[in-house]
Structure formats: structure tokens, C-alpha cells
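Residue-level listing of the chains:
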Amino acid sequence: MAEEFGRSVEDGLKLSRRIYLGKDRAVTPPKPPSHMDKSPAAFLPTAPMVYAVISDPGIVDNPDIPSYQPHVYGRCDPPALIPLQMNRIELEADSYLDTAFVKISGSWRVHCVMGSKSCDCRLAVPMGEQGSILGVEIEASRKLYYTEMIAIEDKKYLEKEARLENGGFLKPHTFTITIPKVDGGSTLSIKVSWMQKLLYHNGEFSLIVPFSFPDYVTPHVKKLPRKEKIQLNVNSGTGTEIVCKTTSHLLKELRREVGKLGFLYESEVLTWTNIDFTFSYAVSFSHIFGGVLLQTPSVHDVDQRDMFCVYLFPGGHHSRKVFRKEIVFVVDISGSMVGEPLEGTKNAISAALTNLDSLDSFNIIAFNGETYLFSSSMELASEDTVERAVEWMSMNFIAGGDTNILVPLKQATEMLSKSRGSIPFIFLVTDGAVEDERNICDIMKSHLMGGGLICPRICTFGIGSYCNHHFLRMLAMISRGHYDAAYYIDSVESRMQKLLSRISSTIIANITIKAFDDLDEVEVYPSRIPDLSSDNPLIVSGRCQGNFPDTVVATGIFGDLSNFSLDLKVQKAKDIPLHSVSAKQQIDLLTAQAWFSENKQLEEKVAKLSIQTGVISEYTSMSLLETDGGNQVAESPGLHKLSQQANPQKAESQGRRRILPRNPGAGFGDLTATAENLRPGAEESKLPEAAEIIIKAASNCCSSMCNQCCCMCCVQSCAKMNNEFAIVLTQLCTALACIGCFECCSDICCGGQDGH
């Protein structure tokens with residue numbers, strides 16, 4: 001999907017050369033990227049962008065100065081995407097603890113379509129680390145559009161009446177949505193918001209917002225200055241001094257309080273910024289520190305229990321000893337892992353092995369339908385053993401066969417059953433789903449509960465969208481492990497290295513908060529607190545009833561097996577929206593629990609939380625409401641204003657029209673794709689519109705020839721064959737269509753002016 005999008009943008013830039021810019025020599029046509037990379041990825045959005053969706057190239061022209069060019073016959077299939085010119089852009093970011101809420105406001109003009117014509121426009125929003133879209137508001141062609149979260153049950157009801165449009169995620173953190181029928185020459189005013197995580201490294205938090213605009217979005221007029229604006233508010237949540245480190249733009253400090261900072265950037269520019277917005281800061285602590293934030297819920301909250309957030313930061317100087325590690329790598333080598341997924345996995349594991357201490361031990365289990373062991377027992381990570389392991393992976397990491405996860409997990413658990421004086425890890429990598437996932441969780445849970453002082457941590461890594469990411473998250477959660485994923489194969493190696501680095505730098509294990517036992521009722525996310533590493537802060541949230549003491553105690557075990565204890569001061573969180581900060585974490589963990597327990601009440605709880613906060617979940621879907629410009633709409637929850645659960649049927653009765661994009665959730669795995677060994681990212685190709693008409697026409701004739709033959713199934717099977725056979729098949733179907741249905745065939749002849 002991303003590759004097709006990039007090619008469509010490249011086609012759109014070529015098509016935009018038709019636009020007549022007048023006789024002013026100071027105005028130049030748009031130029032494609034000048035760098036050497038001409039792959040489709042070079043044309044993917046690196047900042048919020050809007051594109052004109054062009055199926056008919058004949059409508060492409062300057063709406064202000066018509067060129068009266070000769071008519072262009074044919075159609076663009078898939079449609080070309082012409083980047084629209086941007087007239088205004090503002091960025092506002094509010095950072096709390098390890099989470100930032102970003103809001104972009106801007107205006108784009110449909111400069112490439114005749115004033116008498118209209119086209120769809122597509123908004124693409126790349127987000128930062130673990131970005132999650134919250135809300136969109138659009139004003140275009142005297143219409144208002146805004147997003148609204150609805151429950152899946154409501155979506156099923158509304159699909160009968162609502163208009164279905166393209167949308168969803170182009171890449172894991174690039175959200176797209178289509179605005180229908182925007183007039184040529186008109187202006188779109190757009191507000192979009194999302195939440196994302198801050199990066200953490202060496203005691204510094206870093207915010208990176210995609211904000212690099214290509215030259216071709218600068219309006220094709222004389223070099224007039226334009227204003228770009230960035231506003232940043234930082235609240236560390238710790239109540240301690242913040243030290244600014246780096247920034248990409250010249251920020252002016254507006255205010256400074258203990259633990260809080262405010263900045264503003266405004267500049268007159270001739271071309272829009274071509275670098276991402278980055279800002280980093282450090283909290284002035286050199287040792288492990290933490291605290292508790294407590295907040296009462298709002299009157300609109302679906303849960304009236306108090307909210308709390310416990311944070312532990314590793315500090316800037318890591319003098320504490322890390323744990324001695326015993327790690328078993330359990331790697332899926334089924335047929336779908338062929339190529340980059342398996343190669344990236346091998347490279348990441350090879351790098352992790354070289355970073356192990358000589359006293360650490362490891363083993364490797366490769367699995368498909370069978371299991372293949374590097375060694376029958378754990379091996380010390382000597383230089384010679386690591387070299388042999390890398391060579392073994394090169395010889396045995398050969399993709400083929402099906403997927404069986406339970407057997408290698410049992411073998412890994414058995415290998416680590418006698419661990420003493422170390423922290424044992426099982427590092428599971430897979431790209432597929434299996435039928436016995438709930439049974440695997442039950443078995444692993446029973447094995448882990450009977451462990452020693454430190455039970456094995458199962459750290460899971462999912463590749464692509466065919467594996468059940470909620471199963472992998474659940475496995476990690478029940479064992480105090482960590483979970484991560486690479487939805488696209490080009491990020492497998494980098495994201496896996498990051499997760500391996502996190503587990504390799506564990507400094508405190510078996511963390512507990514003693515005050516939880518004294519509360520009347522408490523719900524913690526995650527229920528088993530993960531370990532603290534020197535590479536990442538630890539933040540857990542939850543709900544409670546009862547009186548929190550002024551100070552609580554966090555306990556655990558250091559890497560040298562000595563006891564850890566730290567007093568955490570409890571503070572009222574006045575200026576931090578804890579409900580929003582913790583929403584994504586709670587929704588992800590509750591979804592995993594709901595899947596595992598098959599509990600409908602938990603599913604409803606997730607849906608209510610999703611609707612209230614605007615965070616996408618598996619049990620909700622984001623819809624786009626369209627209303628006339630005269631009707632005022634309230635800000636969506638994603639744009640920093642909470643609202644009560646919407647009534648979709650009521651919205652329809654009030655004359656608002658609803659557009660339903662594809663559900664952008666991760667899903668619960670695909671057993672069929674796993675059984676067929678489909679590679680991550682592979683999608684079933686959609687037949688062209690003309691081919692569908694041919695099939696419909698030919699089906700009348702085919703059915704009369706053979707009642708037992710399903711023409712659609714036949715053609716879908718043949719779609720996987722080579723181009724030459726497809727051409728012959730198309731010619732044959734066309735002939736059958738002439739015999740069976742002359743009217744349908746004439747529709748193709750009149751409408752199929754696309755060169756096929």
C-alpha cells in the first residue's frame with residue numbers, strides 16, 4: 001500500500017507539469033526530490049500533507065489561469081496523487097511525562113484542478129514514535145468534516161447507510177483519510193491531532209515530530225514570506241528542574257517553572273521548513289528516582305475511581321550493575337519469514353550476541369513445524385561460541401514450513417528452569433498466528449508461576465499484520481516481559497535491536513508497590529509490573545478506591561541480587577491529563593486481556609474508553625461526519641475536548657452524512673494467511689474495475705456452460721498467474737461477454753478509456 005502510494009505521488013508530480021503558471025518568470029513549476037533515491041519510499045509524506053486524487057487527468061489545470069490544453073483521454077489507475085500547495089502551518093505540542101500530544105493546524109489549496117471541476121482529497125499524517133491518531137477536523141467546499149469514534153456494533157449498523165471511503169494507516173504510524181468532492185481552487189482548513197511517545201536515551205527525553213515539507217508544497221507564486229509557528233509546552237511531571245539540551249528550531253522561552261517550560265517559534269519564511277521538529281531535555285537526577293501522580297476523574301469519565309500514575313526513571317548515570325542474563329532466542333523460520341524479515345532478525349540477534357557479557361549464557365531455537373536447536377543446553381557467551389552461533393544461524397535460518405509456537409516455548413522454558421543468580425529471558429520472534437494461542441498463554445502462565453526467585457521473562461516481537469499482536473502482548477504481560485512490533489519489514493532490524501537493548505540493560509527486577517495492598521480496590525496496567533532498564537523509564541497507571549498515603553514504597557531486586565527500596569512521594573496531578581496520558585497503554589493492555597478471557601464486559605470497557613479519549617481500539621472505528629458549513633460542530637475528543645459517547649443514529653437523523661474509512665486496528669491475527677505462508681505486507685490484489693465488469697458479463701455465459709463452475713473464484717485464482725496468461729484470459733472473457741451480455745460489453749467499450 002505504501003509503495004503504491006509513493007508511485008501515485010510520483011505520477012502526480014509528473015501530471016502537475018500540465019498546470020499553467022502564467023508568464024511570470026519568477027514562478028517555477030514543482031520539482032521532484034533531487035536526491036538519488038527515486039524509490040516509491042522517497043515520495044511518502046514526511047509531514048502532514050494533502051493530495052488531490054486524480055483519476056481523470058483532463059481536469060488538471062490552474063483554476064485561476066486556464067491553459068485550454070488539449071483534452072487528455074484515458075484515466076489514471078490507480079489515481080495519481082498531486083501534493084497540494086500549503087498556505088499556512090502551525091504546530092502545538094504538549095508534553096507530559098513520556099507522552100506528547102501534537103496538534104497541527106494548516107490550510108491547503110486545490111491549485112491543480114479546474115475551477116469548474118472537483119476531486120477527492122487525501123490527508124496523510126505521519127506521526128512520531130508509537131503515534132496514535134486522535135482527531136481530525138476539516139473545512140472544505142462549504143462543508144465541515146470531523147472524526148468521531150463509534151463502537152464496532154454501531155459501525156455494522158451504519159455500513160448499510162454510510163458511504164465507504166479509503167482511509168486507515170498507510171504505514172504503522174501514517175494515518176490517511178479521504179475528503180470527497182472538493183472544488184478546484186478552493187481551500188481546505190485542517191486541524192489534526194495525535195499522541196506519541198518521547199524517546200529516552202542516556203537520561204534525556206526527546207520529542208521528534210514529522211515536520212519536513214518538500215519544496216513542491218510551496219505555492220507557485222512570487223517569493224512572498226509566509227509565517228510558520230511552533231508552540232511547545234513541557235511538563236515533566238516530576239516537579240524538578242528541567243535542563244534543555246537540543247532543539248531543531250529557534251525557540252523563544254516564554255515561561256519557566258519548576259518542572260515546566262513554555263516555548264514559541266514564529267518565523268517569516270520563503271519556503272516551508274524541511275527538517276523535523278525535535279526537542280530534547282533532561283531531568284536533573286543522576287540516580288534512580290520516581291513518584292506517584294494522583295487525580296480525581298472528571299464528571300464525564302465513564303470510570304469514577306481515582307486515577308494514578310507511578311513513574312520510575314533510571315537517572316542519567318548508570319553505575320548500577322545490570323543483571324547477568326540467560327536468554328533463549330526462539331525464532332520463527334516458517335515460509336513467510338523469507339527474505340528481509342529473517343535476515344533482519346538474524347542481524348539483530350547477531351548484534352545482541354556480540355554485546356553479551358562473557359558470564360551471560362544463551363541458546364537459539366529455530367522453529368517452523370519442527371524445532372532446531374543451536375545447542376542442547378545453555379552456552380556461555382564466549383567469543384568462540386558467539387561466532388559459532390552466528391554461523392549456525394546462517395546455515396539454519398532457512399525459511400520454510402508452517403508455524404508451531406508451543407513446542408519451542410516449552411523447550412525454552414525447560415532450558416531456563418534451573419536459572420540461579422541471573423535473569424532469564426525468552427525472546428520470541430514470529431510473523432504468524434496459531435490456533436492454540438490462548439492455550440499457550442495458560443500453559444506459559446502455569447510454568448512461570450512455579451519459577452524461582454526471578455521467573456523467565458517472555459519478550460515478544462511481532463512482524464507484520466498477520467500475527468496476533470494481542471496474543472504476543474499478553475505473553476509478555478503475564479511474565480513481566482516486554483513487547484514490540486515491526487509492521488513493515490524494513491524496520492524489523494532496528495526495532496528488534498531496540499527491544500534487545502532494553503532487556504539487556506535491566507537494572508531492577510520484581511518491582512512491587514506496597515501501597516496497592518492497602519487500597520480498597522486497585523487496578524494496575526500492566527497487572528504485573530515490568531522490570532526497569534537503564535534505557536527506558538517505567539510508567540504504570542491504574543484506577544483505585546481508597547486513600548493513598550502521602551508516601552508509598554517501591555521495592556525490587558538489583559542486578560547484584562541486593563534489595564531495592566525507594567520512597568515515592570504522592571502528588572496531586574493538577575496540570576497533567578492523566579486520563580489521556582495513560583489511555584493508549586490501558587486500551588492496549590485491556591484489549592489483550594479481553595481477547596485472552598473472551599470477556600464481553602472488558603470489550604465494552606475498552607470501547608467506552610476509546611470513544612471517550614479518541615484513541616483507536618479493536619472494538620471501535622473512526623468515522624468521518626460530514627455536515628453543511630452552516631452547522632456548527634463541537635471539537636472531537638481527539639482535539640483536546642472530552643465529550644460524552646456519541647449516538648451515531650442521532651447524528652444521521654440530524655442530517656449529517658457519515659463516511660466510514662477502513663478499520664485501522666491491528667486485528668487478532670490471520671490464521672489463513674499464516675497457513676498459506678503469506679509474507680508480511682502481502683495483500684490480496686484487487687481486480688480492476690473493468691475486469692470486474694468483464695467477469696459480471698462473462699458469468700452469464702459461463703454459468704450456462706457449466707453450472708458447477710464459480711467464475712469469480714476461477715478469475716481470482718488466475719489473477720495470481722503471469723501477465724501473458726492474464727492477457728489471454730481477458731481476451732477470452734471479453735469474447736464470452738459479447739455472447740452472453742452485449743450491454744455489459746458496450747459499457748466497457750464506452751467507459752474503458754484507460755489504455756487497457
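Quick look at the structure, then. Values in this document were obtained by computation on a predicted structure and should not be read as measured data. (Residues numbered from 1 in each chain as written. Predicted model: local features only at pLDDT ≥ 70, side-chain atom pairs only at ≥ 80, totals over all residues. Heavy atoms only, no water.)

### Structural notes on the pairing of strand E22 (residues 361–367)
Remember that side chains alternate between the two faces of the sheet whenever the strand is regular. Across the 7 residues of E22, 7 count as buried, placing the element largely inside the fold. Here E22 shows a buried face lined by Ser-361, Asn-363, Ile-365 and Phe-367 and a second buried face lined by Phe-362, Ile-364 and Ala-366. Where strand E21 (residues 325–332) lies against E22, 7 bridges are found, and the strand directions are parallel. Bridged to Val-328 within E22 is Asn-363. Taken together, E21, helix H3 (residues 340–354) and E22 constitute a β-α-β crossover, and its handedness is right-handed. (Buried < 20%, exposed > 50% of the residue type's maximum accessible area, 1.4 Å probe, protein only. Helix = DSSP H or I, 4+ residues; strand = E, 2+ residues; numbered from the N terminus. Pairing = 2+ DSSP bridges. Right-handed = clockwise from strand over helix to strand, strands pointing away.)

### Let's talk about the sheet that holds strand E32 (residues 551–558)
The strand order across the open sheet built from 8 strands is E29-E31-E20-E19-E33-E32-E28-E30, with neighbouring strands paired in mixed fashion. A strand with exactly one partner marks an edge of an open sheet, and here the two such strands are strand E29 (521–525) and strand E30 (532–533). Sheet topology places strand E28 (residues 506–513) next to E30; 2 bridges connect them, and they run antiparallel. Directly across from Ile-508, in E30, lies its bridge partner Leu-532.

### Topic: helix H7 (residues 469–478)
Spacing of three or four residues puts side chains on the same side of an α-helix, whose turn is 3.6 residues. The element H7 is largely enclosed, with a buried count of 10 among its 10 residues. For H7, the set of buried residues is His-469, His-470, Phe-471, Leu-472, Arg-473, Met-474, Leu-475, Ala-476, Met-477 and Ile-478. Taken together, the buried residues of H7 touch helix H5 (406–415), strand E25 (423–430), helix H6 (437–449), strand E26 (457–463), strand E27 (483–486) and helix H10 (583–597). Measuring from the side-chain oxygen of the N-cap residue of H7 to the backbone nitrogen of His-470 gives 3.1 Å; that N-cap residue is Asn-468. Note on H7: the residue one or two positions beyond its end, Arg-480, has a positive phi of about 65 degrees. (Contact = heavy atoms within 4.5 Å. Polar contact = N/O pair within 3.5 Å; in protein donor to acceptor, adjacent residues only side chain to side chain.)

### As for the packing of aromatic side chains
What the rule picks out here adds up to 20 aromatic pairs. Seen from their ring centres, Trp-392 and Phe-397 are 6.2 Å apart, and the 75 degrees between their planes marks the pair as edge-to-face. For Trp-392, a relative accessible area of 13% puts it in the buried group. You can call Phe-397 buried: its relative accessible area is 9%. Taking 5.3 Å as the distance between ring centres and 80 degrees as the angle between the ring planes, the aromatic pair formed by Phe-558 and Phe-564 counts as edge-to-face. You'll find Phe-558 and Phe-564 in the same group, each marked buried. Cluster of aromatic residues (ring-pair linked, three or more members): Tyr-200, Phe-205, Phe-263, Phe-279, Tyr-281, Phe-289, Tyr-311 and Phe-313. (Phe/Tyr/Trp six-rings, centres within 6.5 Å; stacked < 30°, edge-to-face > 60°.)

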